[in-house]
Amino acid sequence: MAEFFGFGGYTRPAEGYFSWQHLLFVSSLMVLMVFFAIFFGRRNKDKDLRAKNLPLIVAGILMDGFEVFKIVLLCFRNQNPLDWLHNLPLFLCSIQLITIPIAAFSKGRLKEIALDFVFLFGILGAVMGTYFAGQNYSVYPVLSFDNVVSGITHSLAGFASLYIAISGMASMKWKNMPFCFLVMTIFCILAYVADRAIPYNYMFLMRGDGTPYDILYSLVGGNEIAYPILVVVLFYAYIGAFYGAYHGICALSRKRKSGN
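Residues numbered from 1 in each chain as written. Predicted model: local features only at pLDDT ≥ 70, side-chain atom pairs only at ≥ 80, totals over all residues. Heavy atoms only, no water.

A. Broad picture of the pattern of salt bridges. The tally for this structure, following the rule as stated, stands at six salt bridges. One salt bridge connects Asp146 with Arg77, and the closest N-O pair in it is separated by 2.9 Å. Residue Asp146 is found in helix 7 (residues 145–166), and its partner Arg77 is found in helix 3 (residues 49–77); the two are separated by 69 residues along the sequence. On the basis of relative accessible area, Asp146 is assigned to the buried category, the value being 12%. For Arg77, a relative accessible area of 15% puts it in the buried group. Close ionic contact of Asp209 with Arg207 constitutes a salt bridge, the shortest N to O distance being 2.9 Å. Residue Asp209 is classed as partly exposed on the basis of its relative accessible area, which comes to 30%. Residue Arg207 is classed as partly exposed on the basis of its relative accessible area of 37%. (Salt bridge = Lys/Arg side-chain N within 4 Å of Asp/Glu carboxyl O. Helix = DSSP H or I, 4+ residues; strand = E, 2+ residues; numbered from the N terminus. Buried < 20%, exposed > 50% of the residue type's maximum accessible area, 1.4 Å probe, protein only.)

Right, dumping it as structure tokens:
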């Protein structure tokens, strides 16, 4: 148990980024994520809002619970009561720690925006935070506390995203898109301030750290101004592309149905 939780440091060597152990572990999580999203999404699709909210409530509680447990344990393990400063919800994936509970418990326009935001970024965060988490799997053993908790929380975010889509909870109204931009902007500003003050690398605005962001970092030669701007522009482009693709697919679907 001490080895799994990393007390005293991991004695096992890391199997490596994109090793078969890494790919097998995260693929297993992805299969479970998709299965439960389809199962609960189809089961609740025609039920009332209260029933539809329940899986999101459970996902939010589990995700936040695992994250709080991780922060407390890391503070003890690293013998640093300020270690929580490195675990603020300021990564793209960890924003869901806030938005999933809002999507589950709020009402009206706020609920619509939160649901759309989780739908937009939950599945992206799940894939990026498992398959492309080079900052974790190149350092820690695959079956370690750091990677297992990270895998679970990212999978829960992906589950919420897929569940929202399958259960029909996503509105994806054009009028909500500016608010998705606003939410992303606020978190990027907070992340950048934290990166400079702590310092750290929230939202990967400082460097790539073994993730696909390294491609952008190399393109601008590590420029401290151009790189974070490019990362934020990429987020904006993703939101616009996602909305465009969603409405394009919906339009094609309606056209086919009317043609039949």
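B. Region of the structure containing the packing of helix 5 (residues 108–128) against helix 8 (residues 177–197). One way to put it is that helix 5 packs onto helix 8 with a least axis distance of 10 Å and a crossing angle of 70 degrees. Viewed along their axes, helix 5 and helix 8 adopt a mutual orientation that is roughly perpendicular. For the pair helix 5 and helix 8, the sense of crossing is right-handed. Touching Arg109, Ile113, Asp116, Phe117, Leu120 and Phe121 of helix 5 are Phe179, Cys180, Val183 and Met184, all from helix 8. For the contact of helix 5 with helix 8, a count of residues per class yields eight nonpolar, no polar and two charged. (Axes fitted to C-alpha atoms, helices over the stretch in contact; angles between N-to-C directions. Parallel < 35°, antiparallel > 145°, perpendicular 65-115°, else oblique. Left-handed = near helix turned anticlockwise from the far one by under 90°. Contact = heavy atoms within 4.5 Å. Nonpolar A, V, L, I, M, F, W, Y, C, P; charged D, E, K, R; others polar.)

C. How the structure looks around the packing of helix 3 against helix 4 (residues 96–105). Contact pair helix 3 / helix 4: the axes reach a minimum separation of 8 Å and the direction vectors enclose 150 degrees. The orientation of helix 3 with respect to helix 4, classified from their angle, is roughly antiparallel. Of the two possible hands of crossing, helix 3 and helix 4 adopt the one that is left-handed. Note on element contacts: helix 4 touches helix 3 through Gln96, Leu97, Ile100, Pro101, Ala103, Ala104 and Phe105, opposite Asn53, Leu56, Ile57, Gly60, Met63, Asp64 and Glu67. The residue inventory of the contact of helix 3 with helix 4, partitioned by class, reads nine nonpolar, three polar and two charged.

D. Structural context of a nonpolar patch on the surface. A contiguous nonpolar patch, built from Phe7, Val68, Val72 and Phe76 and spanning about 410 Å² of accessible area, is present on the exposed surface. As for its placement among the helices and strands, Val72 is situated in helix 3. Judged by relative accessible area, Val72 falls into the partly exposed class, the value being 41%. (Patch = residues over 30% accessible without salt bridge, like charges linked within 9 Å, V, L, I, M, F, W, Y side chains within 5 Å. Areas by Shrake-Rupley, 256 points an atom, 1.4 Å probe, with all protein chains shown as cover.)

E. View of the layout of surface pockets. Empty space within the largest pocket amounts to approximately 880 Å³. Together, 35 residues line the largest pocket, and Lys70, Phe91, Gln135, Asn136 and Tyr200 are the ones closest to its centre. Taken together, the elements giving at least two residues each to the lining of the largest pocket come down to helix 3, helix 6 (134–137) and helix 7. With five residues, helix 3 is the largest single contributor of residues to the lining of the largest pocket. Its residues assigned to classes, the lining of the largest pocket shows 16 nonpolar, twelve polar and seven charged. Volume-wise, the second largest pocket comes out at about 300 Å³. Lining of the second largest pocket is provided by 16 residues; of these, Leu32, Phe36, Leu62, Leu156 and Phe159 occupy positions nearest its centre. Of all the secondary structure elements, the ones that give two or more residues to the lining of the second largest pocket are helix 2 (20–44), helix 3 and helix 7. (1 Å grid on protein atoms, 1.4 Å probe; cavity = no way out; pocket = protein on both sides within 12 Å on 5 of 7 lines; lining within 4 Å. Points joined across faces, edges and corners; volume = space filled by probe spheres on them.)

F. Local environment of the environment of Tyr202. Secondary-structure assignment places Tyr202 in the loop between helix 8 and helix 9 (213–219). Judged by its relative accessible area of 0%, Tyr202 is buried. Not counting chain neighbours up to four residues away, the residues in contact with Tyr202 comprise Trp84, Leu85, His86, Asn87, Leu88, Leu90, Phe91, Ala191, Ala194 and Asp195. Within polar-contact distance, the side chain of Tyr202 engages the backbone oxygen of Leu85 at 2.4 Å. (Polar contact = N/O pair within 3.5 Å; in protein donor to acceptor, adjacent residues only side chain to side chain.)

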